[in-house]
Structure formats: C-alpha cells, structure tokens
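Descriptive analysis of the structure
Given next are the chains, with one letter for each unit.
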Amino acid sequence: MVCPRCGATIKASMRKCAKCGLPLSYQDKVNRNDQLPIKTLLFRSALVLLAALVTLIIFILIEEPLRIRNKNKNITKQYVNQVVESLVLDNGYQGHAFTFFGTDGDCVYIEELGESFMFVGGLARVEVPDYVWFESDPTNIEDALITFSPIYISSTGKKTRIPVFSVQVPVPEAPVTISNPKSDRVTVITSQTGLDMNVVYGSQVIINGEDVSDKVDRSGNLSLTLNIEPIGDNNISIIVRTANHKEARRDIVFYRDPMEINLEVASSVQYISRLNYMTVSGVSEPGATITVDSDYERGSLTVDESTGKFSFRARFSTYGKNLVIFRASMEGKKDSVISFYVDYLPAKAEYTRYAWTMDYAQLSAYYEQWNGRVFLCMGQIVANYMDSGTMYSIMNVGNASDVKLVALINESNTGQFLVGQEYALYADVSGRLFYQNNYIPMLIARYTRD
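The notes below deal with the structure included here. (Residues numbered from 1 in each chain as written. Predicted model: local features only at pLDDT ≥ 70, side-chain atom pairs only at ≥ 80, totals over all residues. Heavy atoms only, no water.)

Once that is clear, we can look at the overall build of the chain. Scanning the chain from N- to C-terminus turns up 4 helices and 31 strands. Counting across all 450 residues of the chain, residues that qualify as buried make up 37%. Partitioning the intrachain contacts of the chain with sequence separation of at least 6 by distance along the chain shows that 54% fall at a separation of at least 24. Surface exposure of the chain reaches about 27300 Å², of which carbon and sulfur atoms provide 51%. (Helix = DSSP H or I, 4+ residues; strand = E, 2+ residues; numbered from the N terminus. Buried < 20%, exposed > 50% of the residue type's maximum accessible area, 1.4 Å probe, protein only. Contact = heavy atoms within 4.5 Å. Areas by Shrake-Rupley, 256 points an atom, 1.4 Å probe, with all protein chains shown as cover.)

With that settled, the discussion passes to unusual backbone geometry. For residues that are not glycine, phi is negative in most cases, and the peptide bond is trans in most cases. Residue Pro-181 follows Asn-180 across a cis peptide bond; omega there is 10°. Looking at where Pro-181 falls in the secondary structure, it is placed in the loop between strand S10 (176–180) and strand S11 (185–187). Of note in this structure, Asn-208 is not a glycine but carries a positive phi near 50°. Of note, Asn-208 is situated in the loop between strand S13 (204–207) and strand S14 (210–211). Positive phi, normally seen in glycine, also occurs at Ser-388, with a value near 55°. Here Ser-388 lies in the loop between strand S27 (374–387) and strand S28 (390–396). Assessed through its relative accessible area of 72%, Ser-388 is described here as exposed.

Let us look at the layout of surface pockets. Looking at the largest pocket, its volume works out to about 540 Å³. In terms of lining, the largest pocket is formed by 21 residues, of which the most central are Val-188, Thr-190, Gln-192, Thr-193 and Tyr-271. Secondary structure elements with two or more residues in the lining of the largest pocket: S11, strand S12 (192–199), strand S18 (263–265) and strand S25 (336–344). The element best represented in the lining of the largest pocket is S12, accounting for 3 residues. (1 Å grid on protein atoms, 1.4 Å probe; cavity = no way out; pocket = protein on both sides within 12 Å on 5 of 7 lines; lining within 4 Å. Points joined across faces, edges and corners; volume = space filled by probe spheres on them.)

Read across the open sheet, the 4 strands follow the order S18-S20-S23-S22; overall the sheet is antiparallel. The open sheet has two free edges, formed respectively by S18 and strand S22 (302–303), since each of these has just one partner strand. Sheet analysis places S18 next to strand S20 (residues 277–284), joined by 3 bridges and oriented antiparallel. Counted as the bridge partner of Leu-263 is Ser-284 from S20. (Pairing = 2+ DSSP bridges.)

Our next topic: the side chain of Thr-193. By the secondary structure assignment, Thr-193 is in strand S12. Thr-193 has contacts with Val-188, Leu-224, Thr-225, Leu-226, Ile-228 and Phe-254, leaving out every residue within four places of it along the chain.

On to the pattern of salt bridges. Here the structure, examined in full by the defined rule, presents 17 salt bridges. The residue Glu-173 makes a salt bridge to Arg-250 at a minimum N-O spacing of 3.1 Å. Of this pair, Glu-173 sits in the loop between strand S9 (165–170) and S10 while Arg-250 is found in strand S17 (residues 248–256), placing the two residues 77 residues apart along the sequence. We classify Glu-173 as partly exposed; its relative accessible area is 25%. By relative accessible area, which is 27% here, Arg-250 ends up partly exposed. Here Arg-185 makes a salt bridge to Asp-233, at a shortest N to O gap of 2.9 Å. With a gap of 48 residues between them, Arg-185 in strand S11 and Asp-233 in strand S16 (residues 232–241) connect regions that are remote in the sequence. The class for Arg-185 is partly exposed, based on a relative accessible area of 45%. (Salt bridge = Lys/Arg side-chain N within 4 Å of Asp/Glu carboxyl O.)

Attention now moves to the sheet that holds S16. Pairing is mixed across the open sheet formed by 5 strands, whose spatial order is S11-S17-S16-S13-S14. Of all strands in the sheet, those bounded by a partner on one side alone are S11 and S14. Pairing geometry for S13 and S16, over 4 bridges, is antiparallel. Pairing of Gln-204 across the sheet is with Arg-241, part of S16.

With that settled, the discussion passes to the nonpolar core. Judged by nonpolar contacts, the single largest core of 29 residues is most densely connected at Cys-377, Ile-394, Met-395, Leu-408, Ile-440 and Leu-443. Those elements that provide at least two residues to this core are helix H4 (360–365), S27, S28, strand S29 (405–410), strand S30 (422–435) and strand S31 (438–448). Non-local contacts of Ile-440, meaning those with residues more than four positions away in its chain, are made with Tyr-360, Ile-394, Leu-405, Val-406, Ala-407, Arg-432, Leu-433 and Tyr-435. Counting 23 residues, the second-largest nonpolar core is a separate cluster that includes Ile-290, Phe-316, Phe-326 and Phe-340. (Core = buried A, V, L, I, M, F, W, Y, C linked by side-chain atoms within 4.5 Å.)

Another point: the side chain of Ser-300. Inspection of the secondary structure assignment puts Ser-300 in the loop between strand S21 (289–292) and S22. Setting aside anything within four residues of it in sequence, one finds Ser-300 in contact with Ser-311, Phe-312 and Arg-313.

Here we take up the pairing of S16. Counting buried positions along S16 yields 7 of 10 residues, so the element is predominantly enclosed. Pairing geometry for S16 and S17, over 9 bridges, is antiparallel. In the sheet register, Ile-238 faces S17, and the bridge partner there is Arg-250. Hairpin connection of S16 to S17: 6 residues between the antiparallel strands, including Asn-244 at a positive phi of 70°.

Let us look at the environment of Ser-306. By secondary structure assignment, the location of Ser-306 is in the loop between S22 and strand S23 (309–315). Sequence-wise, Ser-306 and Gly-287 are 19 residues apart; in three dimensions their C-alpha atoms are separated by 7.3 Å.

The next thing to look at is the packing of aromatic side chains. Under the defined criterion, the tally for this structure stands at 23 aromatic pairs. Taking the centre distance of 4.7 Å and the plane angle of 50° together, the rings of Phe-98 and Phe-148 count as tilted. Remark: Phe-148 occurs in strand S6 (residues 143–148) and Phe-98 occurs in strand S2 (residues 94–101); sequence separation between them is 50 residues. There is no split in this pair, since Phe-98 and Phe-148 are both buried. A centroid spacing of 5.3 Å and a plane angle of 20° characterise the contact between Phe-148 and Phe-165, whose relative ring orientation is stacked. You can see Phe-148 sitting in strand S6 and its partner Phe-165 sitting in strand S9, a full 17 residues away along the chain. In this structure Phe-148 comes out as buried when scored by relative accessible area, which is 2%. On the accessibility criterion, Phe-165 (9% relative accessible area) is buried. (Phe/Tyr/Trp six-rings, centres within 6.5 Å; stacked < 30°, edge-to-face > 60°.)

Rendered as structure tokens:
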C-alpha cells in the first residue's frame, strides 16, 4: 500500500503513514485493495439477479391465470347468448327451440320472425316449426341455412345487437302418427282389421294407390277397415303429403296364414276375459267341419252349415294367457287352423278371495302342484333381476335374520317395484327361478293389497 501524500510504502495494518503521519481511512484501504471489491461486487450482482428472477416468476404465476380466466370469461359471454335445440312441438310438427338469456323485463327481438320475446326467469324461449322456412312444395330441397339477427332491448329502450348466428334446418317430413297397429308388422286372424292414424288436416293421404283424404276428419284423424286376405303377407303402403313438408311414407305388413279353407274369428271376439270362460265365434266355408283343440265347454259348439258361422265357449284353467285353438276341415283340402291367446284375469275381489298366506317351505317344495295358486306376498324388494329379457323383482318374505326369497313378475298396475320398498302383493304361482345358485319360487304379481 502506498501513502497518497508522500508515496511511502505503508503496511496494510497501519492506520497512518509512518513517514508523513497522514491518517488513512477505511475507504482508502478498500479502494486500494486488489481483490476485496471484485468479490463484493459479484456477490451483490448475484443477489440482484436472483431477486429479479423471483419477482418475474411470481408475476407469471399470478398474472397468467388471471389472463386465462379473463379470456374464458370473454369466450363465455360471446357464446352463451343463445342455445339451439331441435324438438317435436306439441302439435306434432318438427321444429327448433331458441333460448336467449337476459334480465327479466328486457326482451329480444328477432328480425327474421318479426317478433319480440320477453325475458322471464332470466331467459326467453322461442319455438318455431321448421316448415315456416320452406315453400309449399319443397320436393327438390334438402335443407336451408337460416340466419338469425337478434337484438337485445333493455327495459329502458336501449337496443344492442346480439351476434348473428345460423341454423341448418332440414326439410321436415309430413307429420303422421299411426296408433293402430302398434308395429309395422302384425299377425291377424280376421279377414278385416282396423287402421287408425293422425295427420295434419288438409293433407293428402294415399293408401295402396287410393286417395282417402276425404275420410280425414277436422282433427286429422283417419280410421279405416282393411280387407286382409289369407295369403300370408298383405302389404299396405301409406303416403302422406302436407304443404311445406316433404312426402312421408309408411309401410305396414298384415300377415294372415295362407288357407285353402276360409276360416276367421269374428271382430267382436276379445282377447281379455274377467271370467274363466268366453264365447268365441267366427265363420268358415259352408260345409266345413269345425273342431276345437283347446279346452272348451262340451256341447257349446254350434255350426250353421248353410252360412259357415260357428261359435263355442272356451274355458280358461290358469290365470294369465290361455291358448285357444280350433280348425276347419274339408275333404281334399288342407286344414285351416287359428290359434290365439286370451288373457284371463278375474276382478280383484274374485282373484284375492281364496288367497293363501305365505307358507314358504311348502311353496318351495310343491310349486309344481300349486301352479296358479294365489298367495299374499309381503316383504321388501331386495333386488331387480333381468334374465332373458324378463324383469324379476326379488322379495324377501322372511326377515333380516331368516331370509326367504321369492321371484315376482310384475303384471300389476303399480309400475316397477322399487328396491328397498316394502309391498303387500297378491300373486299366483308360476314355477321357480334359479337365482344366486339356488332355486326360489316364482310368482306373477297381479294386484296390490289395499
């Protein structure tokens, strides 16, 4: 170290110059040191850089989520102006519903419809049938792109345009509902059967090439009686044309067994009986011999040889479905056979009159001999079990410590049995079911106890 006044060499530990007596400050020592200032500067610089880096990281962690959330808010505001859904209107027309969101008392005006719709409960819903966008005969048109230009109108009268949106609307099919038959292929055992349907009043209806539009009433209902031949498939084609709609077509097949000898059941014959017997009547070819193959009351069969009309009293031995089968025979011709089921279910008072209280041990042992016997089943439904397309409700007719399970097929009018719910049901024995590695009694539940 050198003295700044006289230039004499001074030891670093000395506080003043030995030659001239000049006091030496600490800053002078530091300024003249070759290593200490460099280390100090580097250390301070590192601290500054580290502090800056930490500040940047904190800024990113806080600011970026805010930016993303704000961005998402903008996106939400931009797209939640309306919700569009397709639907079938109450009158049967195909259409679209538009739901707008806003403040109660404000409204939205749709220029294309020329109408305003007020917000109630925070929304305004508009239902529009699709046919209004098309001409009377849209045969050569598949669909249309409809653009909507809504305007938001506040309660103070301020108008704000909502972003324009478009909807692809297909040409709707002419409305047609067939209530009878229930499916597009049915088997019949009569020479005539009914066809019931509903269309828009004023529509053109063509059945197998014949225009029957004049038979449609003002409610759009059409009921016809069709002739069904014993030739197998009888194909029925239905065409409906309605203004502003494309043509609708429905095809139904009525199947009637091919017959060499005409044989049919009277249309008055029912397929449900409250009694354990029912009169069955019909007609065959004059001179044909009528034979009843199912259970019937002996001596009740009558045949008019001149007209072919016949009748007999069928008897039903079990609850539920009972088969009725009879045939017509003539020399040199193949027998014509008709068979159908009658659902026998007596009134509740009759059905429950002789109901047995549950005897689980005997029922489990003698279910075959007791087929059709009515029991009062009381307990909790512990499971609903599906097997081969049939739903079984498993009931514990015992208790928690002494479990006794029975399987029930629900043919009552109470709806599906709920697991955990307790019921008192009248049911008749139908067999047994293999459930959880054991056979349990199976019954058909038909009535609930009051």
